[in-house]
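Descriptive structure summary
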Amino acid sequence: MAVEGRSVALPVRKVIIHPVVLFNIVDNYERRNDNNKRVIGTLMGRYDKGTVYVTESFAVPHQETEEEVSMDMEYAMRIGELQKKVNTSMYTVGWYSSGIIINEYSSLIHAFYKCQCPTPVHLTVDTQLKEQKMKINTHISSQIGVKNGTEGCIFTPVSHTITGAEADQVSLKFFQGLRGNKKTPNFNDQEQIITSCSEMIAQINIVMGHVKKVLSGEAPSDKELGRQLMEVVQSIPNLDGDTITNMLNSHMQDLLAVEYLTYLTRQQLAISARINQIL
Amino acid sequence: MSNVLNLVAPSFIGISYLSQALEMKGLLETFGAKFDLPDNFEENEDTFLELLPQLIDQFPLYFTRCGSDVEVESAFFSLISMIQLLSQVDQIEETSKKLSNAIVADTNKERLLLKSKLLSQQFNCYQPSLSSTYVLLVNVLKLVVETGQLRNCSLDIDQISDWMTKWKSDVQEQRVIYRLLHEAFSAVQQGEKAIQALVRLLKLYSENEGVEAKSDAHICVISHIAHPKIFVMDHLLDLHPIRALDGQLSHELLQIFVNGDLNDYIEFYNNNLDFVEKLAVTHEENLRKMRLLTLASMAQDCSEIEFSQLVEKLNLATEELEPFVIEAIGSGLIKGKINEPEGKISISSTINRTFKEPQWLFIMNKLEMWQKNLVIIQESMRKGHFSVPIGGG
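Here's what I pulled together on the structure shown here. A quick note: this is a predicted structure, and the numbers were derived from the prediction, not measured.

Conventions used here
- The numbers attached to residues start from 1 for each chain and follow its sequence in the written order.
- Throughout, the order in which chains and ligands are written sets their labels, letters from A for the former and numbers from 1 for the latter.
- Residues qualify for local features only when their pLDDT is at least 70, as the model is predicted, and side-chain atom pairs are given and counted only at 80 or more; totals for whole chains, interfaces and linings, by contrast, use all residues.
- Excluding hydrogens and water, the side-chain values take into account all heavy atoms of the structure.
- Going along the chain from the N terminus, every DSSP run of H or I of four or more residues is numbered as a helix, and every run of E of two or more is numbered as a strand.
- Atoms counted for the radius of gyration: C-alpha only. Globule rule: 2.2 Å times the number of residues to the power 0.38.
- The buried label applies to any residue whose accessible area, calculated with a 1.4 Å probe on protein chains only, is under 20% of its type's maximum; exposed applies above 50%, and partly exposed to all values in between.
- Here a residue-residue contact requires only that any non-hydrogen atoms of the pair lie within 4.5 Å.
- For accessible areas, the Shrake-Rupley method is used with a probe of radius 1.4 Å. Any residue's cover is judged against the shown protein chains and nothing else.
- Only four residue types enter the tally: Lys and Arg on the positive side, Asp and Glu on the negative side, with His and both chain ends excluded.
- The location of each charge is read from NZ of Lys, CZ of Arg, CG of Asp or CD of Glu.
- In this description, a nonpolar core means a group of buried Ala, Val, Leu, Ile, Met, Phe, Trp, Tyr and Cys residues linked to one another through side-chain atoms lying within 4.5 Å.
- Only the stretch in contact is used when fitting a helix axis, every axis being a line fitted to C-alpha atoms; angles between N-to-C directions are given from 0 to 180 degrees.
- Angles below 35 degrees are treated as roughly parallel, those above 145 as roughly antiparallel, those between 65 and 115 as roughly perpendicular, and all remaining angles as oblique.
- Handedness of a helix crossing follows the sense of rotation of the near helix relative to the far helix, less than a right angle counterclockwise being left-handed and clockwise being right-handed.
- Amino acids outside the nonpolar list (Ala, Val, Leu, Ile, Met, Phe, Trp, Tyr, Cys, Pro) and the charged list (Asp, Glu, Lys, Arg) are all regarded as polar, and Gly is one of them.
- Buried surface area refers to the total accessible area, computed with a probe of radius 1.4 Å, that the two partners give up upon joining, counted for both partners together.
- One side-chain nitrogen of Lys or Arg within 4 Å of one carboxyl oxygen of Asp or Glu is enough to make a salt bridge.
- Here, any two strands with at least 2 DSSP bridges between them count as paired.
- Whenever two N or O atoms come within 3.5 Å, that pair is a polar contact, provided that in protein one can donate a hydrogen and the other can accept it, and provided that, for residues adjacent in sequence, both atoms are side-chain atoms.
- Put simply, the grid is 1 Å and covers the protein atoms alone, a cavity is a trapped set of points that fit a 1.4 Å probe, a pocket is an open set with protein on both sides within 12 Å along at least five of seven lines, and lining residues have an atom within 4 Å of a point.
- Grid points are joined across faces, edges and corners, and a volume is the space filled by probe spheres set on the points.

1. Thoughts on the overall build of chain B
- If you tally the helices and strands in chain B, you get 18 helices and four strands.
- Compactness check: chain B gives a C-alpha radius of gyration of 30 Å against a globular reference of 21 Å for 393 residues, more than 25% above the reference.
- Dimensions of chain B, computed from the C-alpha atoms along their principal axes, are close to 95 × 85 × 40 Å.
- By residue count, 50% of the 393 residues in chain B fall in the buried class.
- Of the contacts made within chain B by residues no fewer than 6 positions apart, 66% connect residues no fewer than 24 positions apart.
- Summed over all atoms, the accessible surface of chain B reaches about 18,400 Å², with 49% contributed by carbon and sulfur.
- In chain B, which carries 35 positive and 54 negative side-chain charges, the distance between the mean positions of the two groups comes to 4 Å.

Structure follows, in structure tokens:
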């Protein structure tokens, strides 16, 4: 796509962004050189029937002054090629920049990416947090001007959503929990389960409150909602309290044994390493 | 000039907005457009304000006569970038509506796809802050209906209804949108979404107005019955336009699909042969659906159903039985297992054809059990808290 794609511009109607990309951008911004006002980089992903999936990104060194902008195109292209070697189904789909402002330089950089892919997407992330929420925008560009006249370009917005896999949610939540904490807490499996349990219990309480209201006639009986709830409760295993306690106990003992044995092995290895050192 | 919206769709061109407008004027003139400007106009904002509406008026002419899609596109975006430079929000709203309407009013049937693309992108430039975007959305939808393609825009019913709340659209406007959405989704063959839009439309009619939407209600009932994957229809009975159908054959048929069983349907069919034959759905398809629904009802009452019962109640041959049950499970109507040696099926759950108090009670009980179990898990996790027994790590 990147090679033969120069000819036809493909329609883009939606952009789906993976959260890792946003993490990358924020990280890139945090580590920027002091004299750089913003950072830019390449977005990689795939294109499917009008939807662009952005799943990966890397930073590209660049410099901007009052008079001129320069970026390391060679670097951008080489890293792009290497990425493609790692994952052959991944293409360059556009570029990102920190800050929500799109300026003249943006149109120059965009022109470079237009040579890499047919309809590059431009993602801007407000890393300075000018508003309470981190503003994220996606644009595509179109040419403006008339035939035989001056040419220019316009960035028009496209809609976007941020979607991660379910497994990502766990770690994202964990990161969010770290906000404001300077110390890194232990990532303990059991505590995770305990906290998820209390969260679940609290949420079930909310749902139960609503169902009670429906049953007493205080809230309207919304059939659609009811059907969805039904689907949820039908998916939980039908177990009574005793069975669960038994299951937990037996599995718990296995787990503890395994944990203990791994600990023992680790100690033993450490001891033998020390002994080897002494000898 | 200030640029209220330039942050939303910024544009860059090396010349002033007036020169940009004049260049376009020159181009349109070569295609035969006439402009009304004083001969010795001054190069200032007033001239620009006078010129821009004229450019928009003359643009459809260029659209028809210019051969190249790329050139038309770039001229169109040139207009958008100029509109964005206007200083008053209502000026922007008025001119962008004007441009959008001019494109749709052009009856040239060629290049519908290009039109659709341009208008979708124009719509994106304004959403969802301005109320004029309502007009833009209507135009976008009209073009989707005409082209039958959704290549250039993504339509999300929930999002659109959110926007309408923001625009403070009145009931009439909302009806227009939902009707268009229904037509658009039908045109792109997304039956399920088309039906969803139709239901939203019918929800907008109050008790007294129900009669007005009788024909829509009829279409809604029939498309629900005809759709091979929709089995649950009891929510339709709450809608006023559908209540207004009471006493008509389509309402009676709907009642059967909500509450009745196979025999009810066959009786209805025998009494109203003409009516069923004229429907958009065949008798065979109706039979198939009624069989599945009857099975769902049976599954609701008992957790095990014998093959012989099925054969008798559903009027099926024994060899048809297995594919039938597989279909029922595959379509999500029931969940369960076929117990071949004992000649029965065990049901673990089923969709509820009607959703009333017993179903809510069931949910309540299940939730209570779930919560209790979670408490048990939590407790035993706490008790089993593991600390490394020898020394420190």
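Structure shown, so let's carry the discussion forward.
2. Observations concerning the nonpolar core
- Counting residues in each nonpolar core, the largest one holds 121 residues, and the members touching the most others are Leu55(B), Phe59(B) and Leu181(B).
- Those residues in contact with Leu181(B) that sit more than four places away from it in its chain are Leu141(B), Leu155(B), Ile157(B), Ile160(B) and Ala197(B).
- Within the second largest apolar cluster, 19 residues are counted, among which are Val121(A), Leu123(A), Val125(A) and Ile140(A).

3. Points about the packing of helix α7 (residues 157-167) of chain B against helix α8 (residues 171-187) of chain B
All names here are of chain B.
- Where α7 contacts α8, the two axes come as close as 11 Å, and the packing angle between them is 160°. Between α7 and α8, the angle falls in the class roughly antiparallel. In the packing of α7 onto α8, the handedness of the crossing is right-handed. In contact with Ile157, Ile160, Ser161 and Met164 of α7, α8 contributes Gln174, Ile177, Tyr178, Leu181 and Phe185.
- For the contact of α7 with α8, the per-class residue count stands at seven nonpolar, two polar and no charged.

4. Brief notes about the interface of chain B and chain A
- Counting residues at the interface gives 70 residues for chain B, matched by 70 residues for chain A.
- Each partner contributes to the roughly 6,400 Å² buried at the junction of chain B and chain A, and carbon and sulfur atoms together form 69% of this total.
- Summed over the shared surface of chain B and chain A, the number is three salt bridges.
- When the shortest N-O distance is used, the salt bridge between Lys223(A) and Asp238(B) registers 3.0 Å.
- Looking at the side of chain B that touches chain A element by element, the count peaks at 22 residues for helix α18 (residues 357-383) of chain B.
- Among the residues forming the side of chain B that touches chain A, the class breakdown is 34 nonpolar, 25 polar and eleven charged.
- When strand β9 (residues 152-157) of chain A meets strand β1 (residues 11-13) of chain B, the two strands line up antiparallel, connected through three bridges.

5. Concerning the sheet that holds strand β3 (residues 334-339) of chain B
Residue and element names in this part refer to chain B.
- With respect to topology, three strands assemble into an open sheet ordered β2-β4-β3, the strand pairing being antiparallel. Whereas interior strands pair on both sides, the edge strands pair on one side only; in this sheet they are β2 (304-306) and β3. Neighbour-to-neighbour, the strand axes of the sheet open up by a mean angle of 25°, direction not taken into account.
- Pairing of β2 with strand β4 (residues 344-350) involves three bridges; the strand directions are antiparallel. Pairing of Ile305 across the sheet is with Ile345, part of β4.
- Strands in contact with helix α16 (residues 307-314) are β2, β3 and β4; relative to β2, the strand with the most contacts, it is inclined by about 70°.

6. A few points about the environment of Asn36(A)
Residue and element names in this part refer to chain A.
- Structurally, Asn36 can be placed in the loop between α1 (19-30) and β2 (40-48).
- The buried category is assigned to Asn36, whose relative accessible area is 13%.
- A sequence separation of twelve residues divides Asn36 from Asn24, and the C-alpha atoms of the two residues are 17 Å apart.
- With residues up to four places along the chain from it excluded, the contact list for Asn36 reads His62 and Gln63.
- Among the polar contacts made by the side chain of Asn36, one reaches the main-chain carbonyl oxygen of His62 at a distance of 3.1 Å.

7. Comments concerning the pattern of salt bridges
- Summed over all chains, the structure comprises 15 salt bridges over all chains.
- The salt bridge partner of Arg227(A) is Asp234(B), with a shortest N-O separation of 3.1 Å. Placement of Arg227(A) in helix α6 (residues 223-235) and of Asp234(B) in the loop between α10 (214-226) and α11 (240-243) is noted, with the two residues assigned to different chains. For the pair shown, Arg227(A) and Asp234(B) are each scored as buried.
- Its salt-bridge partner being Arg288(B), residue Glu327(B) comes within 2.6 Å of it at the nearest N-O pair. Here the residue Glu327(B) occupies a position in helix α17 (residues 318-330), and Arg288(B) occupies one in helix α15 (residues 283-301), the gap between them amounting to 39 residues.

8. Comments concerning empty space enclosed by the protein
Residue and element names in this part refer to chain B.
- In the structure shown here, the tally under the stated rule is two cavities of 30 Å³ or more.
- Volume-wise, the largest cavity comes out at about 160 Å³.
- Along the wall of the largest cavity there are 17 residues; nearest its centre are Phe123, Asn124, Cys153, Ser154 and Trp163.
- Broken down by secondary-structure element, the contributors of at least two residues to the lining of the largest cavity are α5 (112-126), α6 (133-147) and α7.
- Considered class by class, the residues forming the lining of the largest cavity number eight nonpolar, seven polar and two charged.

9. Here we look at unusual backbone geometry
- For Lys49(A), which is not a glycine, the phi torsion comes out positive at approximately 45°.
- Within the fold, Lys49(A) resides in the loop between β2 and β3 (51-60).
- A relative accessible area of 69% means that Lys49(A) is categorised as exposed.
- Unusually for a residue other than glycine, Gln189(B) sits at a positive phi of about 60°.
- Tracing the backbone shows Gln189(B) in the loop between α8 and α9 (191-203).

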